[in-house]
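Examining the three-dimensional arrangement
One-letter residues, chain by chain:
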2 protein chains.
Amino acid sequence: MSAMYTPSTLSSKETWRLLALVGAGLAILNTTFQGDGAPLIASIAICGIVFAVAFSLIRWLGAVFLKAGLKGKDMAKPSRPEIPETMGAVCAVVYLMSLIMFIPFAFYKDIVAATSGGGNRDVVIESQHIENGRFLHRFPHGKLASYLSGLLSLQSVVILGIGDDLFDIRWRHKVLIPAFSAIPMLIVYFVDFGVTQVVVPVPLQPYLGDVVDLGWLYYMYMAAVAIFCPNAINMLAGINGIEVAQSLVIAIQLLFNDALYLAPMTPYPHPATDSHLLSIYFLLPFIGVSAALLCHNWYPSKVFVGDTYCYFAGMVFAVVGILGHFSKTLLLLFIPQIFNFLYSTPQLFKLIPCPRHRLPKFSPSTGLLDASVTEWTNPPSPLIDTALRLLHTLRLVRITKDESGRITESSNLTILNLWLVWMGPMREDQLAWHMVAVQTVCGMLGLFVRHRLALLVFHHDNREFGFIA
Amino acid sequence: MSAMYTPSTLSSKETWRLLALVGAGLAILNTTFQGDGAPLIASIAICGIVFAVAFSLIRWLGAVFLKAGLKGKDMAKPSRPEIPETMGAVCAVVYLMSLIMFIPFAFYKDIVAATSGGGNRDVVIESQHIENGRFLHRFPHGKLASYLSGLLSLQSVVILGIGDDLFDIRWRHKVLIPAFSAIPMLIVYFVDFGVTQVVVPVPLQPYLGDVVDLGWLYYMYMAAVAIFCPNAINMLAGINGIEVAQSLVIAIQLLFNDALYLAPMTPYPHPATDSHLLSIYFLLPFIGVSAALLCHNWYPSKVFVGDTYCYFAGMVFAVVGILGHFSKTLLLLFIPQIFNFLYSTPQLFKLIPCPRHRLPKFSPSTGLLDASVTEWTNPPSPLIDTALRLLHTLRLVRITKDESGRITESSNLTILNLWLVWMGPMREDQLAWHMVAVQTVCGMLGLFVRHRLALLVFHHDNREFGFIA
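Note that the coordinates shown come from a computational prediction; the quantities given were computed from them, not determined experimentally.

Okay, the overall build of chain A next. Summing up its helical and strand segments, chain A has 18 helices and nine strands in all. Looking at the 469 residues of chain A, the share that counts as buried comes to 54%. Taking the contacts inside chain A whose residues are at least 6 apart along the sequence as the reference set, 73% of them involve residues at least 24 apart.

Opposite charge on two side chains permits pairing when their charged atoms draw close. All chains considered together, the criterion is met by 24 salt bridges over all chains. A salt bridge links D370(A) to R398(A); the shortest N-O distance between them is 3.0 Å. Linking D370(A) in strand β6 (residues 368–370) with R398(A) in the loop between α16 (382–393) and β8 (399–401), this pair joins segments that are 28 residues apart in sequence. Among the residues examined, R398(A) registers a relative accessible area of 29% and is labelled partly exposed. Two residues, R406(B) and D402(B), come together in a salt bridge whose shortest N-O distance is 3.7 Å. Overall, R406(B) belongs to the partly exposed group, its relative accessible area being 31%. Residue classification places D402(B) among the partly exposed positions, given a relative accessible area of 24%. Shared partners join several salt bridges into a network, and the residues in it are K71(A), K73(A) and E82(A).

Time to look at the pairing of strand β9 (residues 407–411) of chain B. Residues and elements named next belong to chain B. Of the pairings in the sheet, the one linking strand β7 (residues 373–375) to β9 comprises three bridges and is antiparallel in character. Bridge pairing in β9 places T374 opposite S410. By the bridge criterion, three bridges tie strand β8 (residues 399–401) to β9 in an arrangement that is antiparallel. Its bridge partner lying in β9, I399 is registered against S410. Taking the residues that link successive antiparallel strands as the turn, the β8-β9 hairpin has five residues, and the phi of G405 there is positive, at about 90 degrees.

Residues and elements named next belong to chain A. Taken together, the three strands give an open sheet; going across it, the order is β7-β9-β8, and neighbouring strands pair in antiparallel fashion. The two strands at the open ends of the sheet, each matched to only one other strand, are β7 (373–375) and β8. Looking at each pair of strands side by side, their axes are set apart by 20 degrees on average, direction ignored.

Let us look at the sheet that holds β9(B). Residue and element names in this part refer to chain B. Taken together, three strands build an open sheet; the order of strands is β7-β9-β8 and the sheet is antiparallel. In this open sheet, the two strands that pair with only one neighbour each are β7 and β8. Sheet twist, expressed as the average angle between the axes of neighbouring strands with direction ignored, equals 20 degrees.

Time to look at the environment of V195(B). Within the secondary structure, V195(B) sits in the loop between α8 (177–192) and β3 (197–199). Relative accessible area serves as the criterion here: at 1%, V195(B) is assigned to the buried category.

Sequence positions flagged by UniProt for "transmembrane region" (unreviewed entry) are, in local numbering, residues 44–66, 87–108, 175–196, 216–237, 244–263, 278–299 and 311–335 of chain A. Here residues 278–299 of chain A is 91% helix and 0% strand, with 33 Å between the C-alpha atoms at its ends.

Before going further, it helps to spend a moment on a nonpolar patch on the surface. A grouping of F448(A), V449(A), L453(A), L456(A) and V457(A) is seen on the molecular surface, where their side chains present a nonpolar patch of about 450 Å² in accessible area. Within the element layout of this structure, V457(A) appears in the segment after α18 (428–451).

On to the packing of aromatic side chains. Counted under the stated rule, the structure contains 42 aromatic pairs over all chains. Chaining the aromatic ring pairs together yields one cluster made of Y95(A), F228(A), F286(A), Y309(A), F312(A), F317(A), F334(A) and F341(A).

It is worth spelling out the side chain of R59(A) at this point. Tracing the backbone through its elements, the reader meets R59(A) in helix α3 (residues 39–67). Sequence-distant contacts of R59(A), defined by excluding residues within four places in its chain, comprise P7(A), S8(A), T9(A), L10(A), S11(A), E14(A) and H296(A).

To continue, consider helix α4 (residues 88–101) of chain B. All names here are of chain B. If you check α4, its first and last C-alpha atoms are 20 Å apart, about what 14 residues at 1.5 Å a residue would give, namely 20 Å. The buried count for α4 comes to twelve of 14 residues, which makes it a mostly enclosed element. Turning to α4, its buried residues are G88, A89, V90, C91, A92, V94, Y95, L96, M97, S98, L99 and I100.

With that settled, the discussion passes to the state of the cysteines. Inspection of every chain in the model, using the stated rule, returns zero disulfides over all chains. A disulfide-free cysteine, C47(A) has its sulfur positioned 12 Å from the sulfur of C295(A), the nearest such atom. Not part of a disulfide, C91(B) finds its nearest cysteine sulfur in C295(B), a span of 10 Å.

Conventions and cut-offs
- Residues numbered from 1 in each chain as written.
- Chains lettered and ligands numbered in written order.
- Predicted model: local features only at pLDDT ≥ 70, side-chain atom pairs only at ≥ 80, totals over all residues.
- Heavy atoms only, no water.
- Helix = DSSP H or I, 4+ residues; strand = E, 2+ residues; numbered from the N terminus.
- Buried < 20%, exposed > 50% of the residue type's maximum accessible area, 1.4 Å probe, protein only.
- Contact = heavy atoms within 4.5 Å.
- Salt bridge = Lys/Arg side-chain N within 4 Å of Asp/Glu carboxyl O.
- Pairing = 2+ DSSP bridges.
- Axes fitted to C-alpha atoms, helices over the stretch in contact; angles between N-to-C directions.
- UniProt positions renumbered as here; feature names shortened; annotations may be inferred.
- Patch = residues over 30% accessible without salt bridge, like charges linked within 9 Å, V, L, I, M, F, W, Y side chains within 5 Å.
- Areas by Shrake-Rupley, 256 points an atom, 1.4 Å probe, with all protein chains shown as cover.
- Phe/Tyr/Trp six-rings, centres within 6.5 Å; stacked < 30°, edge-to-face > 60°.
- Expected span 1.5 Å × (residues − 1).
- Disulfide = S-S within 2.5 Å.

As structure tokens, this is what we get:
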């Protein structure tokens, strides 16, 4: 039965296409070994290779996951099929492996001559061959610890995410999973880097000076970003493909923003170039594995992604935002998620009853999704009652009243349900497409604000000048 | 039923003892913040804290693991109870978290003053306060990447080990799990360190010179060590407590060897001190979590450790051996495992039939373990037949013959079965104790060879002099 939904082999057409992709990727990788190396080209090639690897592994491992009990019911289909769950873990492992393999491309030193006493002492003869202004896309060697700390945080979130998927941890515990996972990155930031100053917006400079040192507050802020991103992705979930699609949109917009800091757009050397290269190197393979996952997870889903994927995707964004020093820009790409979180708070803090699942409700008769509801078995308190009626008038919630005018149901407070309240019932894939559009438009708006309107409160966009004279 | 075997709460006596241990550990940690810091003391305190944390978590999570289906039957007990499996993953997570939290203790710079343009540029004012010969146990900052790469390899082995425990991967695939996990460490070694020279033994120096550069062969050697250690621990398994007990013995002997390179025994500064400190910092918390696991895993086991633990433990040894540059010494502590592997090869390569499980056989009537056997449904080929009869005469295998003198059974080729052939049937915990004794004696012999007999083929023990003049 379940095998019907999860073919476990590639068709011969798929096999040939994926092999061609891998072959092309390897050929490109091979050319990057010649001359000075070209990490950016290598990263693009790796993006294609990991797509093929992740696509194949997800197909092959579906039956194995089902057999091991990692499966879930798709409630928004008439037959409620059981399909493999936690497939995000496969993506994450392929992704992590690719980032590890990428280390020599990004960090290889030109010449290292070393002698060693059984390895105990090493004399490194530094390369005399100074890279005079060439655009190598290669990192200064000191960034290796940052890169590794990002990997450690991602691996941690994968381990804890798998634990969550296996044991179904309570939400007040699972909120903290990203916090634990962020620790490696923050600790290495602390011992290796320790920059906690931020530039003060112009209107506040008379009071605070040009730059203010936030000290440990800055660590709290970074931890908050790392907790927010994974949980925000996890919260905007519930229909086929939505977790992966929103992550892909965010990743592509981040990539676009990073590209603005590269050579033709921004003169090299520029102080922000390295940070944005780091971001690109983390994002390209992420886009590869996510696209592969989306092929299997888009409506009608053949696999579920699991909380592992949501945490992993959110952590990729947190890592690039924090290590790339553009966490404020990052948050501008999370507008739908931030809205979804704020809109959810009355239910999260139990002002309004919160059922375990708030995903849109599937109607087998129409085949469409509509907003799911909370039933008010006890009538709401006068304050909540008034608030709900006001929000109903503003079309921010839909309430149902009985003949006496008492509220019996209110729609669940998620952006998906709100959209269905606004637009009326629609098919699952239609809703997913709408959300992709919302995410894209909000993100473009966010980037416009970042690069144009920020000039109103800062002296200049950091893309054009060194940020500090 | 299963709840009988896995109480899921701590008794009040246990609670108080563990709280006292954690309290003492935290108090010691707190004192290390004063003055120059004392990473070695901090590491010892952390060893106690992780013992308490791992001990409690294993107790608390037993029921959760059973519910999630992570369980196994203990075949060497009359009632064959089902107990939680994969508890090594809990240990590993606690261990990894502790090593991450330890980073500031090991690497914290005295003074870092940095200014930043939105974090894009940082000017580090180097500490003028040079550590003139004081014995700080603190690492040069450049070792951070090595430390992080070790952590990455350990996290990788945990992720893949959990996959193995969940999906029950075939052994010809699982042998490669440590190989994949070793990649981060080897790649960082490649970009960061790149030392591939080894000292040539005196008798060979006329032909090869004092030092020979092995180049990529050295990477093959390191990969082989990383593949061998985890699989060797995994292969010497099958009775209660054996995996953890052998790992603890090896870890303690490594710690003893490391201690030989510290201040009172070896004058500081010595080129090998840093490497052995790194090893100590990785081993102390490992001893903490392993001791906690052994409390639950020793006969009669309340939990199983899972392949995850074996891979994890072996990888800890591989990491300290490779990053600490004493992988040859490391192998001297693996004598029983090396014997077990070589002794197993006829079965691994199918010269002799290999049943899926080769653990000693439990006799419900006597309550004792005896050597398990392979049944020869088809008689062995003349060559194998002769070999088996010869080995039987040498008491290296036990064969059973039918009335016509044809071999019908031969004991399985593992060190545990061989010991039972030699010593006769014994109780499970007795066999485990015997193995602990074997491991201890062989290890002490190995260390003696290392520090005394090595002088016969090398100019001097590296403990006494810088290894290279």
